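Here is how the chains run, residue by residue.
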Amino acid sequence: MLYELATRKEGYHSAREIAEGYSVPEAFVRKILLDLRRAGLVTAQKGRTGGYQLAHAPHEIVLGQVIAALEPEPPALVYGRQRGGGFVTGQDCPVDPFWKGIEEAFTQALAASTLADVVERSRPPAKKRTPAAKKTPARGRKKSRR
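Residues numbered from 1 in each chain as written. Predicted model: local features only at pLDDT ≥ 70, side-chain atom pairs only at ≥ 80, totals over all residues. Heavy atoms only, no water.

Moving on to the nonpolar core. With 17 residues, the main nonpolar core has L2, L5, L33, L36, V42 and L54 as its most contacted residues. Secondary-structure elements contributing two or more residues to this core are α1 (2-7), α2 (15-22), α3 (26-38), β2 (51-54) and α4 (63-70). (Core = buried A, V, L, I, M, F, W, Y, C linked by side-chain atoms within 4.5 Å. Buried < 20%, exposed > 50% of the residue type's maximum accessible area, 1.4 Å probe, protein only. Helix = DSSP H or I, 4+ residues; strand = E, 2+ residues; numbered from the N terminus.)

Two elements, strand β1 (residues 42-45) and β2, share four bridges in a ladder whose sense is antiparallel. Counterpart to Q45 in the pairing with β2 is G51. With antiparallel pairing between neighbouring strands as the criterion, β1 and β2 make up a hairpin whose turn holds five residues, including G47 at a positive phi of roughly 110°. (Pairing = 2+ DSSP bridges.)

Going through the model one piece at a time under the given rule, you end up with one aromatic pair. Judged by centre distance (4.9 Å) and plane angle (80°), the rings of F98 and W99 are edge-to-face. Using a relative accessible area of 30% as the deciding quantity, one classes W99 as partly exposed. (Phe/Tyr/Trp six-rings, centres within 6.5 Å; stacked < 30°, edge-to-face > 60°.)

At S23, a position not held by glycine, the phi torsion is positive, near 55°. Looking at where S23 falls in the secondary structure, it is placed in the loop between α2 and α3.

With 13 residues, α3 extends 18 Å between its outermost C-alpha atoms, agreeing within 8% with the 18 Å of an ideal straight helix rising 1.5 Å per residue. For α3, every residue scored as buried is listed here: V29, I32, L33, D35 and L36. Projected down its long axis, α3 carries its buried residues within an arc of 155°, all on one side. In α3, the exposed residues that point more than 90 degrees away from the buried face are A27, K31 and R38. (Expected span 1.5 Å × (residues − 1). Arc of directions from axis to C-beta.)

Interpretation in functional terms is not warranted from these geometric data alone.
This is the structure:
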């Protein structure tokens, strides 16, 4: 939803138009937008021309803020060896240091990335312009002058 608001023209956009673009229920979109508004990431305006818009420029919205606004707990990777149908983590797990490092790198990447980064990386690559081919005369018989 933040991506949509960042890439649409300025102004307010309704939850309905965002929901229709992704074929998801409008109520689902409204719930997420409410969480984003509470976190100060979007603003809302009521009325016929109302809707939602970003509260800050995309380069000011850090992805870590977005995750914190939407998830009650920080993201964690599921790892560890199974014991009795469950996962064991911590000192009892031989791969714990590896996965803890991956989790830390993931958290740091979220803290260092912004919505502008998402928008930039999501754009299709610009098509390379190839130089125009030189026109060469067609091969074949030359017309004779008679």
